[in-house]
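# Geometric and topological summary
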Amino acid sequence: RGETTELAIDGMTCASCVGRVEKALARLSGVTSATVNLATERAHVEYVPGALTLGDLVAAVEATGYEARPLT
Ligand code: 9UX
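Now for a look at the structure at hand. A quick note: this is a predicted structure, and the numbers were derived from the prediction, not measured. (Residues numbered from 1 in each chain as written. Predicted model: local features only at pLDDT ≥ 70, side-chain atom pairs only at ≥ 80, totals over all residues. Heavy atoms only, no water.)

## Digging into the pairing of strand S2 (residues 31-37)
Within a regular beta strand, the side chains point alternately toward one face of the sheet and then the other, so they alternate between its two faces. Two elements, S2 and strand S3 (residues 42-47), share six bridges in a ladder whose sense is antiparallel. Bridge pairing links valine 31 to tyrosine 47 in S3. (Pairing = 2+ DSSP bridges. Helix = DSSP H or I, 4+ residues; strand = E, 2+ residues; numbered from the N terminus.)

## Overview of the sheet that holds strand S4 (residues 67-70)
Taking strand neighbours across the sheet as the criterion, the four strands line up as S2-S3-S1-S4 in an open arrangement whose pairing is antiparallel. Two strands close off the open sheet at either side, each with one partner strand: S2 and S4. Across the sheet, the axes of successive neighbouring strands diverge by a mean angle of 25°, strand direction being ignored. Two strands pair when backbone bridges link them, and strand S1 (residues 3-10) and S4 are joined in this way by four bridges, in the antiparallel orientation. (Axes fitted to C-alpha atoms, helices over the stretch in contact; angles between N-to-C directions.)

## Here we look at the nonpolar core
If you look at the biggest cluster of nonpolar residues, it comprises 19 residues, and the most contacted ones within it are Leu7, Ile9, Met12, Val21, Leu25 and Val61. Listing elements by their share of this core, those giving two or more residues are S1, helix H1 (15-26), S2, S3 and helix H2 (54-63). Setting aside its immediate chain neighbours within four residues, leucine 25 contacts Leu7, Val31, Ala34, Ala43, Val45, Leu57 and Val61. (Core = buried A, V, L, I, M, F, W, Y, C linked by side-chain atoms within 4.5 Å. Buried < 20%, exposed > 50% of the residue type's maximum accessible area, 1.4 Å probe, protein only. Contact = heavy atoms within 4.5 Å.)

## Structural notes on the environment of leucine 57
Locating leucine 57 in the fold gives a position in helix H2. Not counting residues within four places of it along the chain, the set of residues in contact with leucine 57 comprises Thr5, Leu7, Leu25, Leu28, Val31, Val45 and Leu52.

## Observations regarding the site of the ligand
Close contacts around the ligand come from Thr13, Cys14, Ser16, Cys17, Arg20 and Tyr66, and that covers them all. Take tyrosine 66: an N or O atom from its side chain is 2.5 Å from an oxygen atom of the ligand. Of the residues that constitute the shell around the ligand, the class distribution is three nonpolar, two polar and one charged. (Near = heavy atom within 4 Å. Polar contact = N/O pair within 3.5 Å; in protein donor to acceptor, adjacent residues only side chain to side chain. Nonpolar A, V, L, I, M, F, W, Y, C, P; charged D, E, K, R; others polar.)

## Details of the environment of glycine 55
By secondary structure assignment, the location of glycine 55 is in helix H2. Measuring from C-alpha to C-alpha, the distance between glycine 55 and arginine 69 comes to 9.2 Å, with 14 residues separating the pair along the chain.

## Brief notes about H1
Its 12 residues place the ends of H1 17 Å apart at the C-alpha level, agreeing with the 16 Å of an ideal helix rising 1.5 Å per residue. Every buried residue of H1 is accounted for by Cys17, Val18, Val21, Ala24 and Leu25. Here the buried residues of H1 occupy an arc of 135° about the axis, which is enough to place them on one side. Turned more than 90 degrees from where H1 packs its buried face, Ala15, Arg20 and Lys23 sit exposed. On the buried face of H1, the contacting elements are S1, S2, S3 and H2. (Expected span 1.5 Å × (residues − 1). Arc of directions from axis to C-beta.)

Next up, the structure:
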């Protein structure tokens, strides 16, 4: 088990958005788990410590077309 963090995600309006954001995060090298909750508009991410920065997570989400803000 690695590091965990939460991101606030803006711009998701349907379940497919959730899938897109989860996929964008899970694709990053070092991410071991990414789950997105549409109701709370939050992403929960587990990753290998030191493998990436919060900025990398934010950039991956924003490249997919949503807004992201680290909560930790
Ligand atoms: Mo649903 Mo999200 O039709 O970008 S995939 S709104």
